[in-house]
Protein chains: 4
Amino acid sequence: MITSRTQVTVRYAETDMMGIVYHANYLPWFEIGRTTLLKEKGLSYLSLEKAGYRIPVIEVSAKYRRPALYDDEITIITTIKEKPTIRIKIYYEVKRGDELLVTGESMHTFIDMSGQPTRPPEAFVHKMNELFASS
Amino acid sequence: MITSRTQVTVRYAETDMMGIVYHANYLPWFEIGRTTLLKEKGLSYLSLEKAGYRIPVIEVSAKYRRPALYDDEITIITTIKEKPTIRIKIYYEVKRGDELLVTGESMHTFIDMSGQPTRPPEAFVHKMNELFASS
Amino acid sequence: MITSRTQVTVRYAETDMMGIVYHANYLPWFEIGRTTLLKEKGLSYLSLEKAGYRIPVIEVSAKYRRPALYDDEITIITTIKEKPTIRIKIYYEVKRGDELLVTGESMHTFIDMSGQPTRPPEAFVHKMNELFASS
Amino acid sequence: MITSRTQVTVRYAETDMMGIVYHANYLPWFEIGRTTLLKEKGLSYLSLEKAGYRIPVIEVSAKYRRPALYDDEITIITTIKEKPTIRIKIYYEVKRGDELLVTGESMHTFIDMSGQPTRPPEAFVHKMNELFASS
């Protein structure tokens, strides 16, 4: 299991007329979470894109328990529980302090620049083998 | 079962650097779908809000099969399959012509202006009884 | 002078906690306006991109008089007053019925796929000559 | 003159199919800039809203020199040059390292919860008098 924490402050632009964060705006936070996790493991998304790989979202879900509010300091906890194969499953917890606000999951595959499914790059496989051997 | 169709044209603002619609941007389309469905049944979301009700999303999920592209004409097919109780479950299909791009589901409850769970308004219950009796 | 009208319905996603359309969200409406204007003149932005041209925004401004609200039917009136040279200046009026809500302007140039400034494509120049001769 | 610096990392969600940050997405960064500036001066926007004041944008403009790209570390430099009266004018510079990418300006007024123009709160006036006396 590998995990990472990152922080965002809620932007005015992310709220809606209900006075809370608009539900779709948690998905970019999930993305910040997984971007940070990969970067911390030496696998920046930018370097993967430059090497010709893309990792689109093929499934996403979220459960909303309590709303995040403008100017809240939010922690996104991102976890990969199972060693990725040709798919990567990622779990998210969005918290304000100790209070759990939203949970979510996403599933990803690798595609090449022409949009065709492809195997993950060697560096990615190697790093995941290493991380999940030691975890 | 009640269903509705509505159309959007993909905006440049909705694309990302992968050259496709950013995955989070399908969720506002789902919202357009359910807004249209409710409005067609005489239950505009605006009138529900003015009557003191809000219908937040408590769960949402999406599966991405093929990407929508800039300037595509997109059809959103929105369906309520089961008569709503204190929860409403809504299904979505996002199509480009006959081609299915994305499917999704959302779950909603009713809350009052103070954010407390509440029973749906009488007009809503009545209309749903009528629609699901005849369907 | 060439002009065009197009309509949008305000999305819940476009509102903020002030209960009105978030100020940045008028800029994608300006874009819808100019996209429609170009398309009506046979110069779809998509075809320009496919021909290797991009038309980035180099300046934009907006003045906000009255706010647009959720579910409002909005008209965007887009106008090119002067024949474009290597720059295109575009004017916008955002209205709800007869009521003027927001005005704006944008300035654009042509660049090629490598991001370098370039002259507009022949078809664009020809069409603009034609339109501004007869206007 | 009062000034403030704040940082954002470009999100994937903020890019468009041109491969750069979508032009409208600089406006929320301007907002982060002014939010930070006010907060540093002890005038958090949240506290102003809680005291019954809102500070809508009545004019905004931006000039785009060079594009910000995904994962860039961006600095937003926010400046108030003239002591605010019933209007506040704010200037922005968006930089990547020493490289100036975008400049902008915004104009704001104070309104009350009913949307009517109002004088700024006492605490705001007092703080601005203090800051501009010493600057």
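Residues numbered from 1 in each chain as written. Chains lettered and ligands numbered in written order. Predicted model: local features only at pLDDT ≥ 70, side-chain atom pairs only at ≥ 80, totals over all residues. Heavy atoms only, no water.

Chemist: Mind laying out the overall build of chain A, listing which residues take part and the relevant values?
Modeler: When helices and strands are counted, chain A shows three helices and five strands. For chain A, the α and β elements follow one another from N to C terminus as β-α-α-β-β-β-β-α. Taking 2.2 N^0.38 as the reference for a compact globule, 135 residues should give roughly 14 Å; the C-alpha atoms of chain A span a radius of gyration of 16 Å, in line with that estimate. Dimensions of chain A along its principal axes, counting C-alpha atoms only, are 45 × 35 × 20 Å. Burial status across chain A gives 59% buried among its 135 residues. If you take every contact in chain A between residues at least 6 apart in sequence, the share linking residues at least 24 apart comes to 67%. (Helix = DSSP H or I, 4+ residues; strand = E, 2+ residues; numbered from the N terminus. Rg over C-alpha atoms; globule rule 2.2 N^0.38 Å. Buried < 20%, exposed > 50% of the residue type's maximum accessible area, 1.4 Å probe, protein only. Contact = heavy atoms within 4.5 Å.)

Chemist: Quick one: what's the story with the interface of chain C and chain D, residue by residue and with numbers?
Modeler: With 21 residues of chain C at the interface, the matching set in chain D holds 21 residues. Considering only the surface of chain C that becomes buried against chain D, Met18, His23 and Tyr64 of chain C emerge as the three largest contributors, covering 26% of it. Across the chain C-chain D interface, the total number found is zero salt bridges. Our count for the contact surface shared by chain C and chain D stands at six residue pairs in polar contact (both at pLDDT 80 or more). (Buried area = accessible area lost by both parts, 1.4 Å probe. Salt bridge = Lys/Arg side-chain N within 4 Å of Asp/Glu carboxyl O. Polar contact = N/O pair within 3.5 Å; in protein donor to acceptor, adjacent residues only side chain to side chain.)

Chemist: Residue-level account of helix H1 (residues 26-40) of chain C, with values.
Modeler: Residues and elements named next belong to chain C. Here H1 contains 15 residues, and its C-alpha end-to-end distance of 21 Å stays within 8% of the 21 Å for a straight helix at 1.5 Å per residue. Of all 15 residues that make up H1, 13 are buried, and the element is covered over most of its length. Taken from the residues just after H1, Gly42 is the one with a positive phi, measuring 80°. (Expected span 1.5 Å × (residues − 1).)

Chemist: Before we move on, can you summarise unusual backbone geometry with the specific residues and values?
Modeler: All names here are of chain C. Non-glycine residue Asp71 carries a positive phi angle of around 75°. Among the structural elements, Asp71 can be located in the loop between strand E3 (57-64) and strand E4 (73-80). The class for Asp71 is buried, based on a relative accessible area of 16%.

Chemist: Could you give an account of the environment of Ser47 of chain A, naming the residues involved and the relevant values?
Modeler: Residue and element names in this part refer to chain A. Structurally, Ser47 is set in helix H2 (residues 45-50). The exposure class assigned to Ser47 is partly exposed, which follows from its relative accessible area of 37%. Separated by 22 residues in sequence, Ser47 and Asn25 have C-alpha atoms that sit 25 Å apart. A polar contact of 2.7 Å, which involves the side chain of Ser47, links it to the backbone oxygen of Ser44.

Chemist: A description of the interface of chain A and chain B should follow, citing residues and the corresponding values.
Modeler: Residue-level contacts link 21 residues of chain A with 21 residues of chain B. When the area that chain A buries against chain B is broken down by residue, the three leading residues are Met18, His23 and Tyr64 of chain A, summing to 26%. For the side of chain A that touches chain B, the secondary structure elements donating two or more residues are helix H1 (26-40), H2 and strand E2 (57-64) of chain A. No other element matches E2 of chain A, which puts eight residues into the side of chain A that touches chain B. Here the residues of the side of chain A that touches chain B sort into 13 nonpolar, two polar and six charged. Relative to strand E3 (residues 57-64) of chain B, E2 of chain A is paired through five bridges, and the arrangement is antiparallel. Paired with Lys63 of chain A across the strands is Glu59 of chain B, a residue of E3 of chain B. (Nonpolar A, V, L, I, M, F, W, Y, C, P; charged D, E, K, R; others polar. Pairing = 2+ DSSP bridges.)

Chemist: Any details on the pattern of salt bridges? Residues and values, ideally.
Modeler: Taken as a whole and judged by the stated rule, the model has 36 salt bridges over all chains. Note that Glu105 of chain C is salt-bridged to Lys89 of chain C, the shortest N-O span being 3.2 Å. One end of the pair, Glu105 of chain C, is in strand E6 (residues 99-109); the other, Lys89 of chain C, is in strand E5 (residues 87-96), with 16 residues separating them in the sequence. What makes Lys89 of chain C partly exposed here is its relative accessible area of 26%. Among the ionic pairs, Lys127 of chain D bridges to Glu130 of chain D, the shortest N-O distance being 3.6 Å. Of this pair, Lys127 of chain D and Glu130 of chain D both sit in helix H3 (residues 122-134), separated by three residues, roughly a single helical turn. We classify Lys127 of chain D as partly exposed; its relative accessible area is 24%. Classification of Glu130 of chain D by relative accessible area gives partly exposed; the value is 42%.

Chemist: Go over the packing of aromatic side chains, please, and point to the residues and values.
Modeler: Evaluated as defined, the whole model comprises 32 aromatic pairs over all chains. Relative to Tyr92 of chain B, the ring of Phe30 of chain B has its centre 4.4 Å away and its plane inclined at 5°; by these criteria the two rings are stacked. Remark: Tyr92 of chain B occurs in strand E5 (residues 87-96) and Phe30 of chain B occurs in helix H1 (residues 26-40); sequence separation between them is 62 residues. The burial state of Phe30 of chain B is the same as that of Tyr92 of chain B; both residues are buried. Aromatic side chains Phe110 of chain D and Phe124 of chain D sit 4.9 Å apart centroid to centroid with 70° between the ring planes, which places their arrangement in the edge-to-face category. On the criterion of sequence distance, the pair formed by Phe110 of chain D in the loop between strand E6 (99-109) and strand E7 (111-112) and Phe124 of chain D in helix H3 is long-range, its members being 14 residues apart. In this pair, the class of Phe110 of chain D matches that of Phe124 of chain D, namely buried. Over the ring of Tyr91 of chain A we find Lys81 of chain A, and its NZ or CZ is 3.9 Å from the ring centre. (Phe/Tyr/Trp six-rings, centres within 6.5 Å; stacked < 30°, edge-to-face > 60°. Lys NZ or Arg CZ within 6 Å of the ring centre and 35° of its normal.)

Chemist: Before we move on, could you go through the relation of the copies chain C and chain D and cite the residues and values that matter?
Modeler: In screw terms, the move from chain C to chain D is a rotation of 180° and a rise of 0.0 Å along the axis, fitting with an RMSD of 0.0 Å. A rotation of that kind, with that shift, is consistent with a two-fold axis. Minimal C-alpha separation from the rotation axis in chain C is found for Ser61 of chain C, amounting to 2.0 Å. Most of the interface of chain C is mirrored in chain D: 100% of its interface residues are interface residues there too. (Least-squares fit on C-alpha atoms with pLDDT ≥ 70 in both.)

Chemist: Before we move on, could you go through the relation of the copies chain A and chain B and cite the residues and values that matter?
Modeler: The transformation that overlays chain A on chain B combines an axial shift of 0.0 Å with a rotation of 180°, and the residual RMSD is 0.0 Å. Of the residues that chain A buries at the interface, 100% are likewise interface residues in chain B, meaning the two copies contact each other through the same surface.

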